[in-house]
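Fold and contact review
The primary structure of each chain is shown beneath.
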Amino acid sequence: MHLTPVNDATFQDHVRAQGVTLVDFSTTWCPPCRVLLPQLEALADDYGERVAMLKVDCDYSPETASAYGVMSNPTVIVFRDGEPAEKLVGLRPSEVYRTLLDRQLALTGED
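Residues numbered from 1 in each chain as written. Predicted model: local features only at pLDDT ≥ 70, side-chain atom pairs only at ≥ 80, totals over all residues. Heavy atoms only, no water.

A closer look at the state of the cysteines
- Under the criterion given, the structure shown has one disulfide.
- The side chain of Cys30 participates in a disulfide bridge whose partner is Cys33; the two sulfur atoms lie 2.5 Å from each other. Looking along the S-S bond of the Cys30-Cys33 disulfide, the torsion reads about 80 degrees, which is the right-handed sense. With respect to burial, Cys30 and Cys33 carry one shared label: buried. (Disulfide = S-S within 2.5 Å. Buried < 20%, exposed > 50% of the residue type's maximum accessible area, 1.4 Å probe, protein only.)

What about the sheet that holds strand β2 (residues 20-26)?
- The mixed open sheet is built from five strands, whose spatial order is β1-β3-β2-β4-β5. Unpaired on one side and paired on the other, β1 (4-6) and β5 (83-89) mark the two borders of the sheet. Each adjacent strand pair in this sheet contributes to an overall mean axis angle of 25 degrees, direction not counted.
- Two strands pair when backbone bridges link them, and β2 and strand β4 (residues 75-80) are joined in this way by six bridges, in the antiparallel orientation. Bridging across to β4, Val20 finds its partner in Arg80. (Pairing = 2+ DSSP bridges. Helix = DSSP H or I, 4+ residues; strand = E, 2+ residues; numbered from the N terminus. Axes fitted to C-alpha atoms, helices over the stretch in contact; angles between N-to-C directions.)

Brief notes about the pattern of salt bridges
- Following the criterion strictly, the structure yields four salt bridges and no others.
- Bridged by salt links that share partners, the residues Asp46, Glu95 and Arg98 form one connected network. (Salt bridge = Lys/Arg side-chain N within 4 Å of Asp/Glu carboxyl O.)

Here's what the structure looks like:
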């Protein structure tokens with residue numbers, strides 16, 4: 001499963017008002033971003049419909065990146081019920097993202 005690409009115009013339409021959404025803020029030229037993408041795609045496969053997984057290319061969506069304080073790539077923000085809940089800057093092991101998603105799903109009662 002791939003992450004759904006969104007941009008400045010479509011971002012708000014894809015962040016779930018109810019439930020958990022993971023957003024990968026990255027660029028195509030960023031080496032750590034290229035390492036992270038397959039990890040997030042594997043998580044998208046594991047979580048299926050329980051988590052919306054989005055991808056924002058910061059080069060083409062600067063307004064959205066700025067609105068959420070994205071200053072470095074990659075940055076992952078997990079939204080719970082439409083609001084930012086947790087933010088990770090830089091590349092982390094996939095288990096860190098899994099723990100973050102499990103925590104947010106538990107808080108929404110979807111664990």
